[in-house]
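A structural walkthrough
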Amino acid sequence: MSTTTCPVCNQTTVVPFCQHCGFEIHFLPTTISAEVRAYEEKRIKKYKEMLAKKDTEPKEDANPSVPFPSELTQTDKCPVCEAEMIPEQTFCEHCGWVRTLYPKVAPPAIVEMEKQRVEMMRKAYQQRQNDRQQHADDTKKLNEEIEHQKQLVEAEQKKNKQLVEDNEKKEKQLKDDNDKLFDDLYTTKGQLDEAQKALSAAQSDRDAAIKDRDQAQQKLQTEKTEHDKTKQVVQDEKRQLDEARRQLREEENAHAKTKRELEALRKTAPTHTPSPTQTTPLNRGEKKGDVVFSANGNTVKLPLYEGPNDFTAPEGIDCGVDGVLFCVEINGVEVRIFDACGQTRRANGHEIGPKGKSVYPADVFAVGKVKITFELRDVDLDAILGNI
């Protein structure tokens, strides 16, 4: 049998129990946990305290005999975890409790120590069970959390996969859109260049149009000015025409009156043949002036009398017309001329007309190239103008 030193009484003894103090000696491995070391130290301390207490108690009997509880000598269950055990087992395979077989009669300290050892082993076992249950619960929760996180990871992976696929689709779509945009941009640039050329051409046309417009406006302004002048002239001529019409009406009225008087005189006057070189009045009355014929530097004056006066071309004046050229009637203050040959005109070339024309100072008439003027010295111009 192997020998060792007892940690309680420090005497050499054989294992597993000290022959001097009865302490159970455990052979532990070199490396143990802190809990086992503390338990072993506490067991040694308690055994020493029990021995010291025993030494101080009075000794009634040198060899006390205390019956050992039968449940400590042999049992079919582990006193710690209540696992099934057979008599031949020296330790519990479930919790590791070491069965110690004591004699039927053992010291009270050994009995007490064995009770404390079982109680401590139960507490330690219960704590391990609680820790194991807590560990199992924690492990279950952790596994549940891991499963939850795994599901989240799978969901995120699925989501990421979908995002990757969507991103690839978007990148492809973006690339296609960029390619199309580039093509459209290139086309638009070409169109823009064409539009710029068209704009430049349109600008040139616009500048030319503005220049033409300015010129047209300037021309229009000039034409407007001329139009205003022409309009003024037309208005003046209209006023003159209205005045001439008024005078014409008066002359027509006077001519009708004079014609009636002339017809009456002609009915009572003797028949005569006019001289080609002088005036032959139907009724010689008071002289009212002269009629001046001018042609080719020659000038001939013929007298003009009150009443009707027929004039032919005077001697020395060739107008190319034979017979009476025109007739002048003087009736008081009114002097009128009538065309007799169809060629007597006013100075502006206008015809005299069948109703005749009133004669005023400085009036000029013509027959062919012959100029005809009147010198009405004895005509009361104020009276004539007053009747207009």
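Residues numbered from 1 in each chain as written. Predicted model: local features only at pLDDT ≥ 70, side-chain atom pairs only at ≥ 80, totals over all residues. Heavy atoms only, no water.

**Some remarks on the overall build of the protein chain**
The criterion, for reference: The helix count covers DSSP runs of H or I at least four residues long, the strand count covers runs of E at least two residues long, and both are numbered beginning at the N terminus. Buried residues are those whose accessible area, probed at 1.4 Å on protein chains only, stays under 20% of the maximum for their type, while exposed residues exceed 50% and partly exposed ones sit between those limits. Should any heavy atoms of two residues lie within 4.5 Å, those residues are considered in contact. For every accessible area listed, the method is Shrake-Rupley and the probe measures 1.4 Å; residues are considered covered only by the protein chains on display.
Along the backbone of the protein chain there are four helices and 11 strands. Out of the 388 residues belonging to the protein chain, those deemed buried represent 25%. Considering only contacts within the protein chain whose residues lie at least 6 apart along the sequence, 42% involve residues at least 24 apart. Roughly 27,100 Å² of accessible area belongs to the protein chain as shown, and the carbon and sulfur atoms make up 52% of that amount.

**Section: the confidence of the model for the protein chain**
Rules: The score called pLDDT rates the predictor's confidence residue by residue, from a low of 0 to a high of 100.
Per-residue pLDDT for the protein chain averages 80, and the proportion of residues at 70 or more is 83%. When mean pLDDT is compared element by element in the protein chain, strand β5 (residues 307–312) scores highest at 93, while helix α2 (residues 70–73) scores lowest at 41. Of the regions scoring below 50 in pLDDT, residues 60–74 engages in 21 contacts with residues more than four places distant in sequence or in other chains. Across residues 269–283, confidence stays below pLDDT 50; counting only partners more than four residues off in sequence or on other chains, it has 30 contacts.

**Let's talk about the pattern of salt bridges**
For the record, the criterion: The salt bridge definition used is simple: a Lys or Arg side-chain nitrogen within 4 Å of an Asp or Glu carboxyl oxygen.
The full count for this structure, using the stated rule, is 16 salt bridges. Close ionic contact of Asp-184 with Lys-180 constitutes a salt bridge, the shortest N to O distance being 3.0 Å. Here Asp-184 and its partner Lys-180 are both found in helix α3 (residues 108–268), four residues apart, which amounts to about one turn of the helix. According to the relative accessible area criterion, Lys-180 is exposed, its value standing at 51%. Salt-bridge contacts for Arg-246 lead to Glu-243; the nearest nitrogen and oxygen are separated by 2.3 Å. Of this pair, Arg-246 and Glu-243 both sit in helix α3, three residues apart, which is roughly one turn of the helix. The partly exposed category is assigned to Arg-246, whose relative accessible area is 23%.

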